[in-house]
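This is what each chain is made of:
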Amino acid sequence: MLTATLLGLVVGLILALTGAGGGILAVPLLVFGTGIGVADAGPIGLLAVGMAAALGAILGLRDGQVRYRAALLIAAAGMLLSPLGLWAARLVDGRWLGLLFSMTLLYVAFRTWRQAAGPAAARGPAKLVCVRGEQTGRFIWTLPCMRALGLSGALAGLLSGLLGVGGGFVMVPALQRYTDLTVKSAVATSLGVIAIISMAGVATSAAQGGIDWSTAAPFAGGALAGMLGGRSLAARVAGPALQKAFAVVSALVALGMAAKALLF
């Protein structure tokens, strides 16, 4: 129980310090820290990341940073695919699931490093299909806008169910690429999406009896505590150096997971 709490605390701190994509380390920490498989760690990681994201989203909503209509649209698309991901995770061999997770984590490490080196390089060519009205400050909803956000949400939902990740590493780049939101607003909106999609996946998994609550409860509690403590710390230590450190750690963890899947 103490180990799960401490691991959750680390996840919450990482999520607060690095943004919506930081929760992807929840599953590797559970795998290496408690010895459970990726398929069993996924729903537990999803629960913890979802609760921490919900807390971050509530605080972001209070500050007027969350675009809640966009979050609901994206989350609705994600919730359609999340059960499919959960179903696939139970069918895929644990070794292949570990390899897939390690490749996803390597991708996150690569993107994070590029973003730390220069936000423009990570963002890519601008394709702003979702823009806000000058007077209302709300998105002008068009078919290309809804399609771009919906497809991004569907991918995030599939990965959340399959790998137990919140999908922030999909949503934040998508919101930056397709919308005119600031980075802070994109992260806050992404946290709202993660919270909704994660809770849907957790509910499905819990109904199927796929969650070990003796590990999940302390892990999620630790993540919430880490999120609260990390928010005050983030303003002082966040920056390119921290993002690069996160990228290096993520890459090393990804290589460790790949080695574990291939050699054991």
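Please read all numbers here as calculations on a predicted model, not as lab measurements. (Residues numbered from 1 in each chain as written. Predicted model: local features only at pLDDT ≥ 70, side-chain atom pairs only at ≥ 80, totals over all residues. Heavy atoms only, no water.)

### A word on the packing of helix α3 (residues 38-62) against helix α9 (residues 183-207)
And then number 1: Contact geometry for α3 and α9: axes closest at 7 Å, N-to-C directions at 145°. Of the two possible hands of crossing, α3 and α9 adopt the one that is left-handed. Contact residues: Pro 43, Leu 46, Leu 47, Val 49, Gly 50, Met 51, Ala 53, Ala 54, Gly 56, Ala 57 and Gly 60 in α3; Ala 188, Leu 191, Gly 192, Ile 194, Ala 195, Ser 198, Met 199, Gly 201, Val 202 and Ser 205 in α9.
And then number 2: Split into classes, the residues belonging to the contact of α3 with α9 amount to 14 nonpolar, seven polar and no charged. (Axes fitted to C-alpha atoms, helices over the stretch in contact; angles between N-to-C directions. Helix = DSSP H or I, 4+ residues; strand = E, 2+ residues; numbered from the N terminus. Left-handed = near helix turned anticlockwise from the far one by under 90°. Contact = heavy atoms within 4.5 Å. Nonpolar A, V, L, I, M, F, W, Y, C, P; charged D, E, K, R; others polar.)

### Thoughts on α3
And then number 1: Between the first and last C-alpha of α3 there are 35 Å, a value that for 25 residues agrees with the 36 Å anticipated at 1.5 Å per step.
And then number 2: Gly 64 occupies a position one or two residues after α3 and carries a positive phi of about 75°. (Expected span 1.5 Å × (residues − 1).)

### Remarks on the confidence of the model for the chain
And then number 1: When pLDDT is averaged across the chain, the result is 84; 92% of the residues are at 70 or more.
And then number 2: Within the chain, helix α7 (residues 143-163) carries the highest mean pLDDT (90), whereas helix α6 (residues 119-123) carries the lowest (51). (pLDDT = per-residue confidence, 0-100.)

### What to know about the nonpolar core
And then number 1: Judged by nonpolar contacts, the single largest core of 63 residues is most densely connected at Ile 24, Phe 101 and Phe 219.
And then number 2: Take this core: its biggest share by element is 12 residues, from α3.
And then number 3: Leave out the neighbours within four places in its chain, and Phe 101 touches Ile 24, Val 27, Pro 28, Leu 163, Val 165 and Met 257. (Core = buried A, V, L, I, M, F, W, Y, C linked by side-chain atoms within 4.5 Å. Buried < 20%, exposed > 50% of the residue type's maximum accessible area, 1.4 Å probe, protein only.)

### Side note on the pattern of salt bridges
And then number 1: All chains considered together, the criterion is met by three salt bridges.
And then number 2: Asp 40 is the salt-bridge partner of Arg 90, the closest N and O atoms lying 3.3 Å from each other. On the criterion of sequence distance, the pair formed by Arg 90 in helix α4 (residues 68-91) and Asp 40 in helix α3 is long-range, its members being 50 residues apart.
And then number 3: When its relative accessible area of 43% is taken as the criterion, Arg 90 is described as partly exposed.
And then number 4: Residue Asp 63 pairs with Arg 62 through a salt bridge whose shortest N-O separation is 3.4 Å. (Salt bridge = Lys/Arg side-chain N within 4 Å of Asp/Glu carboxyl O.)

### Some words on a nonpolar patch on the surface
And then number 1: Among the surface-exposed residues, Leu 2, Leu 6, Leu 9, Leu 13 and Leu 233 lie close enough to one another that they form a single nonpolar patch of about 410 Å² accessible area.
And then number 2: A per-element tally of the nonpolar patch places helix α1 (residues 2-18) first, with four residues. (Patch = residues over 30% accessible without salt bridge, like charges linked within 9 Å, V, L, I, M, F, W, Y side chains within 5 Å. Areas by Shrake-Rupley, 256 points an atom, 1.4 Å probe, with all protein chains shown as cover.)

### As for the state of the cysteines
And then number 1: Counted under the stated rule, the structure contains one disulfide.
And then number 2: Disulfide pairing is shown between Cys 130 and Cys 145; the S-S distance is 2.0 Å. Judged by the torsion about the S-S bond (110°), the Cys 130/Cys 145 disulfide is right-handed. One end of the pair, Cys 130, is in the loop between α6 and α7; the other, Cys 145, is in helix α7, with 15 residues separating them in the sequence.
And then number 3: With a relative accessible area of 0%, Cys 130 lands in the buried category. (Disulfide = S-S within 2.5 Å.)

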